[in-house]
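Results of the structural survey
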Amino acid sequence: MSAAFSPTEHPTDYVELMLNIVLQRLEVDFGVNVAPALTLPFDELRSWVNAADDALFANQTVVPPDCLITSSVGHVQKLCIAE
């Protein structure tokens, strides 16, 4: 059995892993073209991801859901906005 990955033992590897996850989410969830970022050196990649993230969310409009589901132990409640 292999040892668990520790971000404190390998901080650069951890940050690089997180940046790759963010790139994947930007591409899959938001349709961002991440191809220009794939060959960037590490520091430039961090800057690119931050800029892409800022640009994406600067243009996002948050729309609250019509209903909100809340739960606690043994209790689920559906709260909806009346029309």
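Above this note sits the structure.
To keep things clear, this report deals only with the structure shown in the data block. Counting restarts for each chain, with residues numbered from 1 along the sequence as it is written. Restriction of local features to residues with pLDDT of at least 70 applies here, the model being predicted, together with a cutoff of 80 or more for giving and counting side-chain atom pairs; totals for whole chains, interfaces and linings are based on all residues. Remark: hydrogens and water are excluded; side-chain values derive from all non-hydrogen atoms of the structure.

1. Here we look at the overall build of the protein
In plain terms, the rule: Elements are defined by DSSP. Helices are runs of H or I of four residues or more, strands are runs of E of two residues or more, and each kind is numbered from the N terminus. Any residue under 20% of the maximum accessible area for its type is buried, any over 50% is exposed, and the rest in between are partly exposed; the area is computed with a 1.4 Å probe on protein chains only. Two residues form a contact once any of their heavy atoms are found within 4.5 Å. Working definition of accessibility: Shrake-Rupley area with a 1.4 Å probe, residue cover restricted to the visible protein chains.
Helices and strands together make up the secondary structure of the protein, namely 2 helices and 2 strands. Its helices and strands in sequence order give the protein the pattern α-α-β-β, from N to C terminus. Every one of the 83 residues in the protein was classed for burial, and the buried ones make up 13%. Contacts in the protein between residues far apart in sequence, at least 24 positions, make up 29% of those at least 6 positions apart. Total accessible area on the protein is roughly 6900 Å²; 57% of this is exposed by carbon and sulfur atoms.

2. What to know about the pattern of salt bridges
Just so we agree on the cut-off: A pairing counts as a salt bridge when a side-chain nitrogen of Lys or Arg comes within 4 Å of a carboxyl oxygen of Asp or Glu.
On inspection of all chains with the given rule, the structure shows 1 salt bridge. Arg-25 is paired through a salt bridge with Asp-29; the nearest N and O atoms lie 2.9 Å apart. Taken as a pair, Arg-25 and Asp-29 lie in helix α1 (residues 11-30) at a separation of 4 residues, close to a single helical turn. Note on Arg-25: relative accessible area 35%, which makes it partly exposed. On the basis of relative accessible area, Asp-29 is assigned to the partly exposed category, the value being 46%.

3. Describing a nonpolar patch on the surface
Defined as follows: Patches here: salt-bridge-free residues with over 30% relative accessible area, like charges joined within 9 Å, nonpolar side chains (Val, Leu, Ile, Met, Phe, Trp, Tyr) joined within 5 Å.
Together, Tyr-14, Leu-17, Met-18 and Ile-21 make up an exposed nonpolar region whose accessible area comes to about 310 Å². Among the secondary structure elements, Tyr-14 is positioned in helix α1.

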